[in-house]
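Each chain, written out:
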Amino acid sequence: MSDLTPTPDSPGLHVAKPSPYAPATGSYVCGGCDAAATAHGDSAVQGLVQDYTDQHGPAHAREGQR
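Residues numbered from 1 in each chain as written. Predicted model: local features only at pLDDT ≥ 70, side-chain atom pairs only at ≥ 80, totals over all residues. Heavy atoms only, no water.

Caption draft 1: Just the overall build of the protein chain, in detail. Of the regular secondary structure elements, the protein chain holds 2 helices and 3 strands. Across the protein chain, helices and strands are ordered from the amino to the carboxyl terminus as β-β-β-α-α. Classification of the 66 residues of the protein chain by burial places 24% in the buried group. For the protein chain, restricting intrachain contacts to residue pairs at least 6 apart in sequence, the fraction spanning at least 24 positions comes to 18%. Surface summary for the protein chain: the accessible area is close to 4,500 Å², and the carbon and sulfur share equals 52%. (Helix = DSSP H or I, 4+ residues; strand = E, 2+ residues; numbered from the N terminus. Buried < 20%, exposed > 50% of the residue type's maximum accessible area, 1.4 Å probe, protein only. Contact = heavy atoms within 4.5 Å. Areas by Shrake-Rupley, 256 points an atom, 1.4 Å probe, with all protein chains shown as cover.)

Caption draft 2: The arrangement of the side chain of S27 in detail. On the secondary structure map, S27 appears in strand β2 (residues 25-29). Not counting the four nearest positions on each side in its chain, S27 is found in contact with T5, P6, G12, L13, H14, A37, T38 and L48.

Caption draft 3: Region of the structure containing the nonpolar core. Core analysis: the largest hydrophobic core is formed by 6 residues, namely A24, Y28, A39, V45, L48 and Y52. No other element matches the 3 residues that helix α1 (residues 42-55) contributes to this core. In this structure, Y52 is in contact with G12, L13, Y28, V29, G57 and P58, ignoring residues within four places of it in sequence. (Core = buried A, V, L, I, M, F, W, Y, C linked by side-chain atoms within 4.5 Å.)

Caption draft 4: Structural view of the environment of K17. Tracing the backbone through its elements, the reader meets K17 in the loop between β1 (12-16) and β2. Judged by relative accessible area, which is 38%, K17 ranks as partly exposed. In sequence terms K17 and D42 are 25 residues apart; their C-alpha atoms lie 8.6 Å from each other. Apart from the residues within four sequence positions on either side, K17 is in contact with A22, P23, A24 and D42. Among the polar contacts made by the side chain of K17, one reaches the side chain of D42 at a distance of 3.0 Å. (Polar contact = N/O pair within 3.5 Å; in protein donor to acceptor, adjacent residues only side chain to side chain.)

Caption draft 5: Fine view of unusual backbone geometry. If you check the backbone angles, D34 has positive phi at about 65° while not being a glycine. Locating D34 in the fold gives a position in the loop between β2 and β3 (36-40).

Caption draft 6: How the structure looks around the pairing of β3. Where β2 meets β3, 5 bridges bridge the pair, whose relative direction is antiparallel. Residue pairing in the sheet places G26 in a bridge with A39 of β3. (Pairing = 2+ DSSP bridges.)

Below you can see the structure in the form of structure tokens.
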């Protein structure tokens, strides 16, 4: 399997939770503004996903549609 970690050349959001007993990990790189963040732990990753959705990737696409 290839490395799915987002980079400036391949921006996006990646979340992993290898088992129900392991903490989730997540990272993103925004293609619209080059912001980047990482999180470790289920609740922290939930916050990371919410931030990405509200402020970065999809938000930049919505701004372009206005």
